[in-house]
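# Examination of the molecular architecture
Here is what each chain is made of, one letter per residue.
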Amino acid sequence: MTKTRSLASALVLSVLALAAPARAQDPSAPDQLVKTVTLEVVELITKDKEIQAGNRAKLIQLIDAKVLPHFNFPAMTALALGQSWNKATPEQKKRLTEEFRTLLVRTYASALAAYSEQKLDFRPLRAKPTDTDVTVQVRVMQPGAQPVPIDYSMEKTAGGWKVYDVMVGGVSLVANYRTEFNNVVRESGIDGLIKNLASKNRALQSSGLEKK
Amino acid sequence: MTRLLLTLALACAAAGCASTAERDPRDPWEPFNRSVYNFNDKLDQYVATPVATGYRKVIPGEIRDRVRNFFGNIGDVFIGVNNFLQGKFEDGVSDWARVAFNTTIGLFGIHDIATDMGYEKHDEDFGQTFGRWGMGSGPYLVLPVLGSSTVRDGIGKGVDFYTDPINETKPFEARWGLVVLRLTQTRADLLDASRILEEAALDKYVFQRDAYLQRRRSLIYDGQPPREKDPEDEGADKDRKPAAAEKEGAEDDKDKKPR
């Protein structure tokens, strides 16, 4: 039970990293990028009265602007699909990536909304300067509970460092979707998965509007 | 507790929930597990969630922290034992130092001063100890009320339960009061996460199962599990590179946006 709790709080905070090109920092330092973006986003959400009052649309806007540019969604979607990705047409890949992104952003917004000023511990990066694939570690400190590790798997691309997976308390987000996605693909094909994700997103959107 | 598990396993065998084709090899008892899961889910929906929500509304966060610390302190005793059993003596000593400081200066554990002193809280239990000793997890198993588990972790939970200091509490009413309070606190801490799960998952059962299995594996190795040799992983890994190249065009435009 305690494990689940820390996992939970971690999920809640997985969100808090990533945004805004860290121009002042060394571009070859992905850990600096995570830190800058996390602190910026945390500051923005704790100061914004509308977001604090539960304005979900505004929060999603903030994530879009600050966090999303640092995620590599096609890579995440490809990883989550595993081998089925190769069987998808370019059009299907595009749709899948869009729907998956919408779902993740919404989940992120919920997690961010639950953030309540826990302390963050940014771990020093253990990587060589020549590495193009690194793990940036952040730990969320909580009173009376084990710190929750959040690991960002990041890859160096022409457009800067991009996150392609987030591990919260040892649970890889991308790996966790793989079984689900493959079950749906096996039953109803790639188009079935696209439909499934789209209707999930629509349902979330309408339920969100009712609540807020 | 252990007896309950055995009964469950037998009931499962009798009901014929042995593995059939197309089933996840880690979860051969899926139909049985799903029915327990659905039962738990209803119980959660109609009892645990309303109680925990009410608790969180009524009790200030400050007090809830004290309650969490209090039970956390009790838990540290056997977290230490498990660290010793796993040969992690330094961690075990640290856990017991936590208990010593928090029970005294921290007033029976309601203040977690040990964390501020640099003694970090750990997360250990008998299921992890058995895993560390080389025992495989066995099939995934959903326990009534307790939820996600595996055969190994179920046995571990049995031992956890048996050694739980709360079970020694007398009188009987006080013991159950503590048990209920601890459950409520735990569920309240999970409210945000369960809502997120609800939103994130296409199939909650599968999502929760996979997260549990990943999480336990990570815990057994204290966050440093060896890489799994999963053919699917290798395939996916190869997929990543072209995907990374593919998106460059689209992502580039975004990066040029002013901050």
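Residues numbered from 1 in each chain as written. Chains lettered and ligands numbered in written order. Predicted model: local features only at pLDDT ≥ 70, side-chain atom pairs only at ≥ 80, totals over all residues.

Attention shifts here to the confidence of the model for chain B. All names here are of chain B. Considering every residue of chain B, the mean pLDDT works out to 81; 79% of them sit at 70 or more. Between the elements of chain B, mean pLDDT differs from a low of 38, seen in helix 12 (residues 248–256), to a high of 95, seen in strand 1 (residues 140–143). Contacts for the low-pLDDT stretch residues 12–21, under 50 throughout, to residues beyond four places or in other chains number nine contacts. Low pLDDT, under 50, characterises residues 231–259; the predicted model gives this stretch 40 contacts beyond four residues in sequence or across chains. Scored as a whole, the predicted complex attains pTM 0.79, and scored at its interfaces, ipTM 0.78. (pLDDT = per-residue confidence, 0-100. Helix = DSSP H or I, 4+ residues; strand = E, 2+ residues; numbered from the N terminus. Contact = placed C-beta atoms within 7 Å.)

All names here are of chain B. As paired elements, strand 1 and strand 2 (residues 147–150) share four bridges and run antiparallel to each other. Pairing of Leu 143 across the sheet is with Gly 147, part of strand 2. In textbook terms, the turn of a hairpin is the stretch between consecutive antiparallel strands, and for strand 1 and strand 2 this stretch comprises three residues, one of which, Val 145, has a positive phi near 65°. (Pairing = 2+ DSSP bridges.)

Here the focus is helix 10 (residues 204–220) of chain B. An α-helical segment advances 3.6 residues per turn. Residues three or four places apart therefore align on the same side. Residue and element names in this part refer to chain B. Under the 1.5 Å per step criterion, the end-to-end length of helix 10 is 24 Å for 17 residues, consistent within 8% with the ideal 24 Å. Burial analysis of helix 10 places 13 of its 17 residues in the buried class, the great majority of the element. In the segment just after helix 10, Asp 222 is the residue with positive phi, at about 50°. (Expected span 1.5 Å × (residues − 1). Buried ≥ 20, exposed ≤ 12 C-beta atoms within 10 Å, placed from the backbone.)

Looking now at helix 3 (residues 61–85) of chain B. All names here are of chain B. Compared with the 36 Å implied by 1.5 Å per residue over 25 residues, the 35 Å span of helix 3 between its first and last C-alpha is a close match. Its maximal kink placed at Asp 76, helix 3 deviates by approximately 30°. In the segment just after helix 3, Gly 87 is the residue with positive phi, at about 80°. (Bend = angle between axes of the 7 residues up to and from the residue.)

Before going further, it helps to examine the nonpolar core. The nonpolar side chains of soluble globular proteins are, as a tendency, buried together. Residue and element names in this part refer to chain A. With 66 residues, the main nonpolar core has Met 76, Ala 80, Phe 100 and Leu 193 as its most contacted residues. Considering every element that reaches this core, the biggest residue donor is helix 8 (residues 173–211), with 11 residues. The contacts of Ala 80, once residues within four sequence positions are left out, are Phe 100, Val 174, Tyr 177, Arg 178 and Phe 181. (Core = buried A, V, L, I, M, F, W, Y, C linked by C-beta atoms within 7 Å.)

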